[in-house]
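Per-entry structural report
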Amino acid sequence: MISQIAMATLLCVLASFLQVTGDTQIQSRDLNCDVSGQGFHLHLHCDLRGPASSQWSTCVLKMRLPRGLYVDPYELVIRQPGLNFSLAKPKSSGSSGGRFGRWLSWFTASDPHESGHGSFDQFEEAEVPMNQSEVNVESPEWLAEPMTINLYPQQSTAKDVDGLSLNSVDIPLHLRYKLPNDGDASSTALQSTTLPYPMLKCTDGDEVNSWDSMPPFEVAVATPPTSDLLYVMPITILLLTVGVVVLLLA
């Protein structure tokens with residue numbers, strides 16, 4: 001009787017150990033991203049590491065871009081033809097009651113895009129699909145809308161120095177034009193644009209930065225002083241007038 005109890009206890013301890021080991025094996029992926037580049041053209045590089053048996057094709061890497069940043073989907077297709085991705089935008093974007101809806105979402109914290117934080121699933125529920133043609137690469141920041149890129153990494157056979165599975169993603173980013181600043185006209189001011197840290201979620205339950213706990217990137221953007229408009233606008237109007245006159249006389 002005692003031996004049976006001891007055997008049952010041993011089996012329970014062994015099962016608990018295997019469960020903990022299995023959970024550790026699942027929760028072992030790592031996501032390391034950094035931003036490089038200067039001016040209005042940046043580069044986001046992400047390294048995904050995990051066990052040798054990692055199935056990267058079951059994972060989604062979510063990149064949330066604020067109004068001041070965008071990705072040209074056609075450029076992304078050319079640079080990385082084998083990378084699968086989809087675009088999304090907030091549900092409140094373009095709705096008839098957009099202003100009231102955004103205020104209500106912010107007040108109730110139901111829309112993570114308005115509150116500025118949330119889980120992976122909350123962002124998924126607050127987004128709708130977006131066509132590639134909807135990305136306006138010429139729109140300034142004050143006329144643009146935030147967007148999301150869902151990247152689907154391919155299975156990789158690469159290994160790092162520790163023998164872990166390594167998968168890398170490179171995304172070209174572009175900054176939108178900001179409104180001129182009202183600072184000192186003799187200098188060019190720098191404004192900061194916040195880029196949230198990407199999220200990673202896999203179908204086996206592994207998640208990295210799912211609750212947006214990792215600090216975002218701060219990108220400096222040069223903005224000209226407002227006084228520059230006093231020089232640019234008259235010249236633009238003059239050239240436009242001359243062009244119209246030439247067309248009428250031709």
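Small disclaimer: the values here were computed from a predicted structure and weren't measured. (Residues numbered from 1 in each chain as written. Predicted model: local features only at pLDDT ≥ 70, side-chain atom pairs only at ≥ 80, totals over all residues. Heavy atoms only, no water.)

**Re the overall build of the protein**
Let me state the cut-off plainly: Helix and strand definitions follow DSSP, with helices as H or I runs of at least four residues and strands as E runs of at least two, each counted in order from the N terminus. Under the scheme applied here, a residue whose accessible area is under 20% of the maximum for its type counts as buried, over 50% as exposed, and between as partly exposed, the area being computed with a 1.4 Å probe on protein chains only. Each accessible area is a Shrake-Rupley result for a 1.4 Å probe, and residues are judged covered by the shown protein chains and nothing else.
Of regular secondary structure, the protein possesses six helices and twelve strands. Here the protein holds 250 residues, and the buried ones make up 35% of them. Summed over its atoms, the accessible surface of the protein is roughly 15,000 Å², and 62% of this surface lies on carbon and sulfur atoms.

**Topic: the packing of aromatic side chains**
For any pair of aromatic rings, the description consists of the separation of the ring centres together with the inter-plane angle of the planes. Counted only if it meets this: Aromatic pairing here means that ring centres of Phe, Tyr or Trp (its six-membered ring) are within 6.5 Å. Orientation follows from the plane angle: under 30 degrees is stacked, over 60 is edge-to-face, and everything else is tilted.
As enumerated under the stated definition, the model contains two aromatic pairs in all. Where F40 meets Y177, the ring centres are 5.1 Å apart and the plane angle is 45 degrees; that geometry is what we call tilted. With F40 in the loop between β1 (30–38) and β2 (41–50) and Y177 in the loop between β8 (165–175) and β9 (189–195), this residue pair connects regions lying 137 residues apart in the sequence. Y177 gets classed as exposed once you look at its relative accessible area, which sits at 57%. Consider the rings of Y197 and F217, whose centres lie 5.3 Å apart with planes at 20 degrees: the pair is stacked. With a gap of 20 residues between them, Y197 in the loop between β9 and β10 (199–202) and F217 in strand β12 (residues 217–223) connect regions that are remote in the sequence. For Y197, a relative accessible area of 7% translates into the label buried.

**Regarding the nonpolar core**
For clarity, the threshold we go by: By nonpolar core we mean a set of buried residues, namely Ala, Val, Leu, Ile, Met, Phe, Trp, Tyr and Cys, connected to one another through side-chain atoms within 4.5 Å. What makes two residues a contact is simply this: any of their non-hydrogen atoms within 4.5 Å.
Core analysis: the largest hydrophobic core is formed by 35 residues, its most contacted members being L31, L65, I149, L151, I171, L173 and L200. Not counting chain neighbours up to four residues away, the residues in contact with L151 comprise C59, V60, L61, M63, L83, N84, F85, V169 and I171.

**Quick look at a nonpolar patch on the surface**
Filter applied, for reference: For patches, a residue must show more than 30% relative accessible area and have no salt bridge; joins then use 9 Å for like charges and 5 Å for nonpolar side chains, namely Val, Leu, Ile, Met, Phe, Trp and Tyr. Think of a salt bridge as a Lys or Arg side-chain nitrogen and an Asp or Glu carboxyl oxygen that are within 4 Å of each other.
Taken together, the side chains of W142, L143 and L179 define a hydrophobic patch exposed on the protein surface, amounting to about 350 Å² of accessible area. In this fold, W142 is placed in the loop between β6 (127–130) and β7 (147–152).

**As for the pairing of β12**
Cut-off, in case you're wondering: If DSSP finds at least two bridges between two strands, the strands pair.
Of the two faces of β12, the one holding F217, V219, V221 and T223 is buried and the one holding E218, A220 and A222 is not buried anywhere. Examined bridge by bridge, β9 and β12 share seven bridges and lie antiparallel to one another. Looking at β12, one finds that L190 is bridged to A222.

**A look at the sheet that holds strand β11 (residues 207–208)**
One open sheet holds the six strands; their spatial order is β6-β5-β7-β3-β10-β11, and the pairing between them is antiparallel. In the strand order of this sheet, the two ends are held by β6 and β11, each with one partner. In this structure, strand β5 (residues 84–90) lies alongside β6, joined through four bridges in antiparallel fashion. Across the sheet, residue L87 finds its bridge partner in β6, namely M130.

**Examining the sheet that holds β8**
Read across the open sheet, the four strands follow the order β1-β2-β8-β4; overall the sheet is antiparallel. At either end of the open sheet lies a strand with only one pairing partner, and these are β1 and β4 (69–70). Pairing analysis gives two bridges linking β4 to β8, with the strands arranged antiparallel. From the neighbouring strand, Y70 faces β8, where its bridge partner is H174.

**Some details on the state of the cysteines**
Disulfides are covalent bonds that connect the sulfur atoms of two cysteines. Put simply, the rule reads: Two cysteine sulfur atoms make up a disulfide if the distance between them is within 2.5 Å.
The full count for this structure, using the stated rule, is two disulfides. At a sulfur-sulfur separation of 2.1 Å, the disulfide partner of C33 is C46. A torsion of 115 degrees about the S-S bond marks the disulfide between C33 and C46 as right-handed. Placement of the pair is C33 in strand β1 and C46 in strand β2, with a sequence separation of 13 residues.

**Side note on the confidence of the model for the protein**
As a reminder of what qualifies: A score from 0 to 100, pLDDT tells how confident the predictor is in each residue.
Model confidence for the protein is summarised by a mean pLDDT of 77, while 73% of its residues fall at 70 or above. Every residue in residues 13–27 is under pLDDT 50, and counting partners more than four places away or in other chains gives eight contacts.

**What about empty space enclosed by the protein?**
To be explicit about the condition: Lining residues are those with an atom within 4 Å of a point, where the points come from a 1 Å grid over the protein atoms alone and group into cavities, where a 1.4 Å probe fits but cannot get out, or pockets, open sets with protein on both sides within 12 Å along at least five of seven lines. Grid points are joined across faces, edges and corners, and a volume is the space filled by probe spheres set on the points. Nonpolar residues are Ala, Val, Leu, Ile, Met, Phe, Trp, Tyr, Cys and Pro. Charged residues are Asp, Glu, Lys and Arg, and all others, Gly as well, are polar.
Under the defined criterion, the tally for this structure stands at one cavity of 30 Å³ or more. What the largest cavity holds in volume is close to 40 Å³. Along the walls of the largest cavity sit L44, M63, R64, L65, L195, P196, P198 and F217, which together make up its complete lining. Tallied by class, residues from the lining of the largest cavity come to seven nonpolar, no polar and one charged.

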